[in-house]
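# Results of the structural survey
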Amino acid sequence: MGPAQQQGNMKKQIRNWWGGLKSLRRYPSLVAGLLIILAFIVASLYAVVAVPYSEAIRLWRGGPGVWDENPKTAKPVWFDFFTTEKLSRTIRVTSQDQGAVHVEPLDDETDLVTIELPFNYDYDTFPRELNLFTDASTSLSASIFWYTPDGRVITIKEDREFRGATETYYISQDSGLITQLGNRLPHLVLFTDPRYEERVLKGDYQMALIAEVPQGGELSAKLVVYGEVQGLAGTDHLRRDIAVALLWGAPIGLIFGVLAAVGTTLITFLLSAVGTWLGGKTDSALQWLTQVNLIIPLLPVLIMFGYLYDRSIWTMLGLVIALNIFGSTMLTNRAMFLQAKESPYIEAAQAYGAKNFRIIFRYLMPRIAPTLLPQLVLIVPSFVFLEATLSVLGLGDPVMPTWGKVIYDGYNEGALYKGLYYWMVEPALLLMLLGIGFSLIGYSLDRIFNPRLRTV
Amino acid sequence: MTRNVKSQIWPQPDDGLSLTPDNGPLLKVEDVCLHFRASNGIVRAVDNVSFSLDHGRSLTIIGESGCGKTSLARAILRLLPRNVETYTGRVFLDGTDVMTFDEERFRREVRWVKMSMVSQAAMNSLNPVLKVGLQVAEPLLLDHRATKQEAVERAREVFRIVGIPPAFLDRYAFELSGGMRQRAIIAMALVAHPILVILDEPTSALDVLTQANIMNALKKIKKELNLNFILITHDIATSSELADEVICMYAGQLVEHGRADPFYLKPLHPYARKLMASVPTLRIEKKPDFIPGQPPSLLNPPEGCRFAPRCLERFERCQEEPPLFVRGNTAVKCWLYERD
Amino acid sequence: MRQDVIKLGGFVLRRALWLGLALVVAIYLTIIIANMGGALDEIRKTEIRGDVAVSIVMNPANKGLPPSVLQQMIEAELEREFDRLGLNQPFFPKRSFMYLWNAISLQLGRAEYLRSDAGSAQVRLILLERLPTTLVLFATAQLLIFFVSLFAALLLSRRYGSFLDKLVIALAPSSAAPGWFYGLFLILIFAAVLRVLPWGNMIDVPVPEDRALYALSVAKHLILPVTAVTLSNLVGNIYTWRTFFLIYSSEDYVELARAKGLSVRGVDTRYILRPTMPPILTHLLLVLITMWMGQIVLETVFNWPGIGRIFYWATQASDTPVIIGVIVIFGYLLAATVFALDFAYAILDPRVRLGAGAAAR
C-alpha cells in the first residue's frame with residue numbers, strides 16, 4: 001500500500017470517527033453524561049497526582065500539627081461573592097517571616113527577646129479564633145501585648161510561663177483573658193472598634209512578645225488569626241479542608257462504583273449464559289441461588305460483616321460483588337439467553353458439532369453482549385451510593401476520605417442545625433452529579449441498544 | 001332467541017343474508033383512497049380503488065407484498081393508524097354509505113357487527129392473560145348487545161362452526177396450537193353475525209397441513225353460513241379454492257377484477273398474466289416465469305400506468321394512467337383493452 | 001372456576017415451600033458469616049455467664065458463701081453449661097443448626113444495650129415492637145408510588161414523544177440517588193430553612209391525646225420521608241413502566257381488541273394493563289427490595305422510630321445480638337415481599353400458575 005493510499009485510508013477513518021461522534025449529537029443526554037464523567041475522571045487523575053494516596057490518608061487522619069492553621073467549620077471562600085461584607089480570612093504571621101525579632105542582652109545570662117508579629121486586618125467581619133504557636137528551646141516567661149491600629153495597647157498576658165517545647169496558646173479560650181476583657185470573647189474584643197460596638201477596626205495590628213530568654217536560647221512564634229472562610233470547600237469540625245475529601249472522593253467513588261459494576265455484571269453474565277445453556281440441574285440451581293440471594297438483605301449483611309470483621313473498602317468491594325452476582329440481573333439475562341437459545345443459528349451450531357464452550361462463548365454471549373453496556377453503566381450509581389450509604393452510617397472505610405464520610409461528619413456535628421449547609425450539600429451534590437452522569441449515559445445507551453424499543 | 005331492539009343491528013341466523021331493501025351489491029367500494037404520512041413523504045397505499053361485490057359471492061384479492069391489499073381491507077373497515085394523510089371515497093354496505101358514519105356509529109353498527117376482519121399473524125392476536133372464550137365473546141358484551149349467557153352460548157356455537165372443542169373456551173392462548181389459535185380468531189370474527197368477513201392472509205403463518213385444515217374449515221363455514229368473504233392473500237394456489245371473483249392489485253391500484261375461473265386460466269392485465277405465469281402448475285409442464293424489476297415505491301409512484309416500467313407490452317399510451325375498462329365480466333386497468 | 005382455584009392453591013403452596021427453603025438457606029448463610037469470628041458464640045457465652053452468675057448468686061442456699069467460692073461454683077457451672085449446650089464442640093454442624101433454629105423461630109436472644117419501650121432486653125420484642133412503624137412509612141410510600149406510577153406510565157405511553165414524555169425521560173436519572181439522599185435536602189429546605197415541616201421523628205412531643213390529632217401528627221411527620229422516597233423512585237418507575245406499556249401496546253392483540261370495538265378503557269385495562277403487569281411486578285420486586293435496604297438510612301436520617309433506626313443504634317452501640325436479629329427480620333420481610341409478588345403474579349398471569357409447559361393437548 002503506497003503512502004498516498006495510506007493517507008487516504010487514514011482520512012477515511014478520521015471521517016468515520018467524526019461522523020460517529022457527530023451522530024452522538026442526537027442524544028444530548030448521552031453527551032452530557034459523558035462530559036460529566038469525563039470531568040470526574042480528570043478530577044480523579046488530578047487527585048491521585050496532586051495529593052498522593054498516602055498523603056491523602058495522612059491528611060484526613062488529621063492529628064496535631066496537620067490542620068492547625070485552619071479554622072474550625074469555616075465556610076468556603078466563594079461565600080464572599082455573595083455577601084456585601086468582606087468575610088475574614090485566615091492570617092498567619094510568623095516570627096521568621098513577616099515578624100521581627102529583636103534581641104537585646106539584659107545581662108550575661110539572659111537576653112531580652114522581643115518578637116513583633118504585625119499584620120493588616122482589612123475585613124468587615126471578625127475572626128473566628130486566635131491562636132499563638134510558640135516554640136521555645138527552654139522554659140521561659142514572656143509577656144504578650146496587643147497593638148491596635150488606633151494606638152491602643154492591650155495586655156494579653158503578663159509573664160506567661162512557656163515550657164521548653166512547642167506549645168499552643170489558645171487565646172480565644174483563655175478564661176482569664178475573657179474575664180479580663182469584660183466577659184467577652186478575645187477574638188472579638190481585640191478587633192472591635194471602641195467607638196462602635198460590633199464594628200471591626202481595620203488597619204495594622206501587631207502582637208508583641210517580650211520574653212527573657214537565657215543566653216543562646218531560642219524562641220519563635222506564630223500567630224494565626226482564623227478567618228470565617230477557608231478553602232474552596234470550607235473546613236470541618238476537625239479543621240480539615242473539605243476540598244481534600246471532595247477531591248479524593250471522586251476516584252474512590254468512581255473506582256468502587258465501576259469495579260463493583262464491572263465485576264458483578266461480567267460474572268453474572270457469564271454465569272447466566274452457562275447456566276441457561278446447560279439447562280437442567282445447573283439452571284435450576286442458578287435460579288434457586290438467585291432466589292436465596294434476593295432474600296439476603298444486602299446492606300445489613302454488609303454492615304454486619306464490616307462491624308464484625310473488616311471494614312476496609314476493598315473487603316466491602318469484594319463482598320458487594322459476591323452478594324450481587326446472583327442478583328436480579330441474573331434473571332433478566334436468563335430470559336434473554338433463553339430466547340436466544342431457541343434461535344436457529346444456535347441449532348445449526350449444535351448440528352455441526354460445536355462444543356458447549358464454543359456455543360456459549362462464540363454464539364450466545366456475543367448476541368446478548370450489547371445489552372451488557374447499558375446494564376453495567378446504569379448500575380454504577382447504585383454502587384457509588386452504596387459506598388456512600390455505608391459511610392453515612394459511619395460504617396465505611398475507617399481511613400479513606402469519601403463523600404459519604406463528609407456527610408456523616410456533617411450530620412453528626414449537627415451541620416443542618418448550625419446552618420453549616422455547605423458541609424453536607426457539597427458532597428451530596430457531587431454524589432448526585434456522579435450518579436446522574438452515569439444514569440444519563442446508561443439511559444441513553446438503553447435507548448440505543450434495547451432492541452424492543454426500536455419497534456416503538 | 002328473543003326479538004328485541006338489538007336484532008335491528010345484527011341479523012338472527014335464520015334470517016338469511018339479504019336484509020337489504022334493494023337488491024344491490026353487498027359491498028360497493030368507490031374511489032377509496034388511503035394515504036399515510038411517512039417520515040420521508042406520503043405513502044399512497046390505496047389509490048382510487050373501486051369495485052363491487054354481490055351477495056353470495058366471495059372475493060379474493062391477490063398481489064405482491066406491499067401492493068396495498070391489507071391497506072384496502074383496513075380502509076374498508078376503517079382501522080386506521082395514527083399517521084393517516086388522506087382517507088376518502090365511498091363504501092356502500094348494503095346500499096348505505098358507511099363512510100358517512102361518524103366513528104362512534106361506525107363502531108357500534110358496522111365494525112365487527114356487519115363487517116369483521118381476521119388479520120395476519122394470529123399467533124399474537126390473542127391476549128395471553130384472558131380466557132379465549134371471553135375474548136371470542138367480547139364483541140357481544142359491548143354496548144349491551146347480548147347478555148353474558150347469550151354471549152357464551154354464541155361463543156360455543158362459533159367454536160363448533162370453526163371446529164374447536166368447547167372445552168377450550170376456558171383455556172388460555174398458550175394452551176392452543178397454532179391452527180387452533182387461527183380458528184379462534186376466525187371464530188371471533190364470526191361471533192357477531194357479520195355479513196362480510198375479510199380474511200387477511202389467514203394461513204400464511206401456518207404449516208401446510210394446518211393450512212389445508214383451515215381452508216377446509218373456511219369452505220365449510222362458507223357453505224353453512226352462506227357467508228360473504230374477502231380473502232386477501234399472496235398465495236395464489238390457496239386463493240383459487242375459495243374465491244368466486246378475483247381482484248388483482250398492483251402498487252396501490254386495482255388492475256383487474258374478474259370471475260375466478262377465467263382469471264386463473266387467462267388473466268387479461270399484463271401484470272396478472274405474469275403473476276399467473278409464475279405459479280408452478282401441477283399438470284401442465286412449464287417453466288415458472290418471473291417479473292423483472294421491482295414494484296414501485298408507493299412514495300413516488302410513476303406517472304401514468306404504474307406497471308409500465310416493467311411491462312413488456314407497453315406502448316406510448318401507457319404514459320397516461322389508464323382507466324378501468326370493462327371486457328365482459330372483467331374490469332381491466334390497461335390501455336391494451338381500450339377498444340372493444 | 002374451581003379448577004383455577006385449586007391450581008392457584010397448588011402454586012401458592014409450592015412457592016411458599018420454595019421460598020421457605022430459600023429463607024432458611026439465607027439465614028443459615030448469615031449465621032455462618034456472623035460466626036466466622038465466633039461472634040454468635042461470644043454472645044451466647046455472655047448470656048449464659050450472666051444467667052449462671054445470677055442464678056448462683058441469687059440462690060438463697062448460697063447466701064453467705066465467700067466470693068471466691070461463689071466464683072468457683074460459677075466457673076464449674078459454666079463448664080457444665082457450655083458442655084451441655086455444645087459450645088465446646090465444633091461449630092458445624094450441630095451448633096450452627098441450633099443457631100439456625102433459634103433465628104428462624106425468632107428466638108433472637110437478649111440485647112446488650114438497647115431496650116424495648118417497656119424495658120425488655122428481648123431482641124425479638126425490641127424489633128417486633130418497631131415493625132409496625134416501619135411498615136407505616138414503607139407501605140404509605142409504596143402505595144403512593146405504585147398507583148401514581150401505574151397511571152402516569154399508562155397515560156404517558158399514549159403520548160410518546162410529547163413534551164411530558166421527554167420530560168420524564170430527562171428526569172429518569174433522578175432514580176440514581178436513594179431516598180435518604182433526597183431526604184437530607186428536604187430536611188435542609190423544609191425543616192432547617194423554611195421551618196414548615198418537622199425535622200424528623202414520627203410524632204409531635206407532647207403526644208396528642210386525641211386520635212384524630214394523633215393521626216394528623218403522624219401524617220405531618222410522614223410528609224418529608226415519603227416525599228424523599230417518592231422523589232427517588234417515582235420518575236424512574238414511571239419511565240420504566242411507560243416503556244413496558246409502549247412495548248406491550250403495540251402487540252397484535254391490542255390492535256385486534258381495538259378493531260373489535262372495545263372502548264379505550266376496555267383496551268387499557270384488559271389488553272394493555274393486565275398483560276403488562278407481569279414485567280411490572282418483576283421490576284417492582286427489585287424496587288421494593290432496594291427500598292427495604294434504603295429504609296435503614298432513611299429512618300436514621302429522619303429519626304423515624306422503626307427497625308432501621310434500631311439497626312443504626314445497634315451499630316453505634318455495638319449491640320451485636322440486635323444487629324443479627326435485624327438481619328433475620330429483614331430476611332423474613334424480604335421473603336414475604338417476594339411471596340406476595342409471586343402470588344400477585346400467579347393471579348395475573350395464567351402462564352405462571354398453569355405452568356408454561358401446559359401446551360396444547
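Residues numbered from 1 in each chain as written. Chains lettered and ligands numbered in written order. Predicted model: local features only at pLDDT ≥ 70, side-chain atom pairs only at ≥ 80, totals over all residues.

A tally of helices and strands in chain C yields 13 helices and 0 strands. Its C-alpha atoms give chain C a radius of gyration of 26 Å, clearly above 21 Å, the size a compact globule of 361 residues would have. Taking the principal axes of its C-alpha atoms as reference, chain C extends roughly 95 × 65 × 40 Å. Sorting the 361 residues of chain C into buried and exposed places 38% on the buried side. Within chain C, counting contacts between residues at least 6 apart in sequence, those at least 24 apart form 72% of the total. (Helix = DSSP H or I, 4+ residues; strand = E, 2+ residues; numbered from the N terminus. Rg over C-alpha atoms; globule rule 2.2 N^0.38 Å. Buried ≥ 20, exposed ≤ 12 C-beta atoms within 10 Å, placed from the backbone. Contact = placed C-beta atoms within 7 Å.)

All right, on to the overall build of chain B then. For chain B, the helix and strand inventory stands at 9 helices and 12 strands. Its C-alpha atoms give chain B a radius of gyration of 21 Å, near enough to 20 Å, the size a compact globule of 340 residues would have. Considered along the principal axes of its C-alpha atoms, chain B spans approximately 65 × 45 × 45 Å. Here chain B holds 340 residues, and the buried ones make up 44% of them. For chain B, contacts bridging at least 24 residues in sequence account for 65% of all contacts bridging at least 6.

Residues and elements named next belong to chain C. For helix H2 (residues 39–58), built from 20 residues, the straight-helix expectation of 28 Å at 1.5 Å per residue is met to within 8% by its first-to-last C-alpha distance of 28 Å. Turning to H2, its buried residues number three or more, namely Leu40, Ile43 and Arg44. On an axial view of H2, the arc spanned by its buried residues comes to 95°, and they lie on one face. Those residues of H2 hidden inside the fold are in contact with helix H1 (2–34), helix H4 (91–104) and helix H12 (320–348). (Expected span 1.5 Å × (residues − 1). Arc of directions from axis to C-beta.)

Attention now moves to the sheet that holds strand E5 (residues 140–147) of chain A. All names here are of chain A. Spatial strand order, E2-E3-E8-E5-E6: 5 strands in an open sheet with antiparallel pairing. The open sheet terminates on both sides in strands that have one partner only, identified here as strand E2 (100–105) and strand E6 (153–162). For this sheet the average axis-to-axis angle between neighbouring strands, irrespective of direction, equals 15°. Two strands pair when backbone bridges link them, and strand E3 (residues 110–121) and strand E8 (residues 203–214) are joined in this way by 12 bridges, in the antiparallel orientation. Bridge pairing in E8 places Thr114 opposite Ile210. (Pairing = 2+ DSSP bridges. Axes fitted to C-alpha atoms, helices over the stretch in contact; angles between N-to-C directions.)

A few words now on the nonpolar core. In this structure, Ala187 and Ile198 of chain B together with Val326 of chain C are the most contacted members of the largest nonpolar core, which totals 252 residues. Considering each element in turn, this core owes the most residues, 16 residues, to helix H10 (residues 264–301) of chain C. Ignoring any residue separated from it by four or fewer positions in sequence, one finds Val326 of chain C in contact with Pro300 of chain A together with Leu127, Ile307, Ile310, Phe311 and Ala314 of chain C. Core analysis: the second largest hydrophobic core is formed by 33 residues, Trp146, Leu190, Leu219 and Leu223 of chain A among them. (Core = buried A, V, L, I, M, F, W, Y, C linked by C-beta atoms within 7 Å.)

Let us now look at helix H10 (residues 328–341) of chain A. All names here are of chain A. An ideal rise of 1.5 Å per residue puts 20 Å on 14 residues; H10 measures up with 20 Å between its terminal C-alpha atoms. Among all positions of H10, only Thr329, Met330, Asn333, Arg334 and Phe337 are buried. Axial view of H10: buried residues confined to an arc of 135°, hence all on one face. Among the structural elements, helix H6 (242–278), helix H7 (280–295), helix H12 (356–368) and helix H13 (372–392) are those in contact with the buried residues of H10.

Okay, the sheet that holds strand E7 (residues 166–170) of chain A next. All names here are of chain A. Taken in spatial order, the 4 strands line up as E1-E9-E4-E7 in an open sheet, and their pairing is antiparallel. The sheet is open, and its two borders are formed by strand E1 (91–94) and E7, each paired with just one other strand. With strand direction ignored, the average angle separating the axes of adjacent strands in the sheet is 15°. Bridge count for E1 against strand E9 (residues 219–226) is 4 bridges, and the pairing is antiparallel. Counterpart to Val93 in the pairing with E9 is Leu223.

Below, the discussion takes up the interface of chain C and chain A. Between chain C and chain A, the residue contacts involve 47 residues of the former and 41 residues of the latter. Contributing elements (two or more residues each) for the side of chain C that touches chain A: H1, helix H7 (179–193), helix H8 (211–249), H10, helix H11 (307–317) and H12 of chain C. Tallied by class, the residues present in the side of chain C that touches chain A amount to 40 nonpolar, 7 polar and no charged. (Nonpolar A, V, L, I, M, F, W, Y, C, P; charged D, E, K, R; others polar.)

What follows covers the arrangement of the chains. Pairwise contact counts over the 2 pairs of chains in contact peak for chains A and C. Contact between chain A and chain B is absent, and the minimum C-alpha spacing across the pair is 13 Å.

Time to look at the packing of H7 of chain C against H10 of chain C. All names here are of chain C. H10 packs onto H7 with a crossing angle of 15° between their chain directions and a minimal axis gap of 8 Å. As summarised for this structure, H7 and H10 are arranged roughly parallel, according to the angle between their axes. Note that H7 runs across H10; the crossing there is right-handed. Along the contact surface, H7 presents Gly179, Trp180, Gly183 and Leu184, while H10 presents Gly294, Val297, Leu298 and Val301. When the residues that make up the contact of H7 with H10 are grouped by side-chain class, the tally is 5 nonpolar, 3 polar and no charged. (Parallel < 35°, antiparallel > 145°, perpendicular 65-115°, else oblique. Left-handed = near helix turned anticlockwise from the far one by under 90°.)

Residues and elements named next belong to chain C. Put simply, chain C has an average pLDDT of 85, and 98% of its residues get 70 or more. For chain C, helix H13 (residues 350–353) is the element with the lowest average pLDDT, namely 78, and helix H5 (residues 123–157) is the one with the highest, namely 91. Segment residues 357–361: pLDDT under 50, and 6 contacts once partners within four positions in sequence are set aside and those in other chains are kept. (pLDDT = per-residue confidence, 0-100.)

Attention shifts here to the pairing of strand E3 (residues 59–62) of chain B. Residues and elements named next belong to chain B. Here E3 shows two buried faces, one formed by Leu59 and Ile61 and the other by Thr60 and Ile62. Pairing analysis gives 4 bridges linking E3 to strand E9 (residues 245–250), with the strands arranged parallel. Counted as the bridge partner of Leu59 is Glu245 from E9.

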